[in-house]
Amino acid sequence: MAKRLIPSLNRVLVEKIQPPSKSTAGILLPEKSSKVNSGKVVAVGPGVRDHAGNQIPVTVKEGDTVLLPEYGGTQVKLGEKDYFLYRDEDIFGTLHD
């Protein structure tokens, strides 16, 4: 079993962030309020080449928190964890505190 996946081309490996199912006061939150639309970048590919042969790097880096589309991505299971592979252009942007 592989321990690490290095994505190809402009692919980005993301671990989705699971929102809390309870509030800080202990109230159970409904499923609708806990949609997963962000994740932590685990690995990135080297990027793609344009028609002239120049390397176009991926716009995010490992450790970034990114905003993801509601649907899409390819689910990948490594060990006990679930990850998702997205193309760089499918990621909406990075989230900052």
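Here is what the cut-offs are and how they apply
- Residues numbered from 1 in each chain as written.
- Predicted model: local features only at pLDDT ≥ 70, side-chain atom pairs only at ≥ 80, totals over all residues.
- Heavy atoms only, no water.
- Core = buried A, V, L, I, M, F, W, Y, C linked by side-chain atoms within 4.5 Å.
- Buried < 20%, exposed > 50% of the residue type's maximum accessible area, 1.4 Å probe, protein only.
- Helix = DSSP H or I, 4+ residues; strand = E, 2+ residues; numbered from the N terminus.
- Contact = heavy atoms within 4.5 Å.
- Pairing = 2+ DSSP bridges.
- Phe/Tyr/Trp six-rings, centres within 6.5 Å; stacked < 30°, edge-to-face > 60°.
- Lys NZ or Arg CZ within 6 Å of the ring centre and 35° of its normal.
- Salt bridge = Lys/Arg side-chain N within 4 Å of Asp/Glu carboxyl O.

1. Details of the nonpolar core
Item 1. Counting 10 residues, the largest nonpolar core is built from V12, V14, V41, V58, V60, V66, L68, F84, Y86 and I91.
Item 2. When contributions to this core are tallied by element, the ones reaching two or more residues are β1 (11–16) and β7 (81–87).
Item 3. Ignoring sequence-local partners within four residues, the contact set of V41 consists of V12, L13, V60, K61, E62, G63, D64 and V66.
Item 4. Ranked by size, the runner-up nonpolar core spans five residues in total, among them L13, A43, V76 and Y83.

2. Some remarks on the pairing of β1
Item 1. Bridging between β1 and β7 involves four bridges; their strand directions are antiparallel. Residue V12 lies in a different strand from β7, and its bridge partner there is Y86.
Item 2. Inspection of the sheet shows β1 paired to strand β2 (residues 38–44) by five bridges, in the antiparallel sense. The partner of E15 across the bridge, within β2, is K40.

3. Structural notes on the packing of aromatic side chains
Item 1. Counted by the stated rule, this structure contains zero aromatic pairs.
Item 2. Residue placement shows K16 over the ring face of F84; its charged tip is 4.2 Å from the ring centre.

4. Describing the environment of R11
Item 1. With respect to the helices and strands, R11 occurs in strand β1.
Item 2. Placed 33 residues apart in sequence, R11 and V44 show a C-alpha to C-alpha distance of 6.2 Å.
Item 3. Residues contacting R11, with those up to four places away along its chain left out, are V44, G45, L85, Y86 and R87.

5. Examining the pairing of strand β6 (residues 74–78)
Item 1. In the sheet, β6 pairs with β7 via five bridges, with the strands oriented antiparallel. Within the sheet, the bridge partner assigned to K77 lies in β7 and is D82.
Item 2. Taking the residues that link successive antiparallel strands as the turn, the β6-β7 hairpin has two residues, and the phi of G79 there is positive, at about 65 degrees.

6. Digging into unusual backbone geometry
Item 1. Notably, L9 is not glycine yet its phi reads approximately 50 degrees, a positive angle.
Item 2. The topology assignment puts L9 in the segment before β1.

7. What to know about the pattern of salt bridges
Item 1. With the rule as written, the count across this model stands at three salt bridges.
Item 2. When the shortest N-O distance is used, the salt bridge between K61 and D64 registers 3.4 Å.
Item 3. For D64, a relative accessible area of 14% puts it in the buried group.
Item 4. A salt bridge links D82 to K77, with the shortest nitrogen-to-oxygen separation between them at 3.9 Å.

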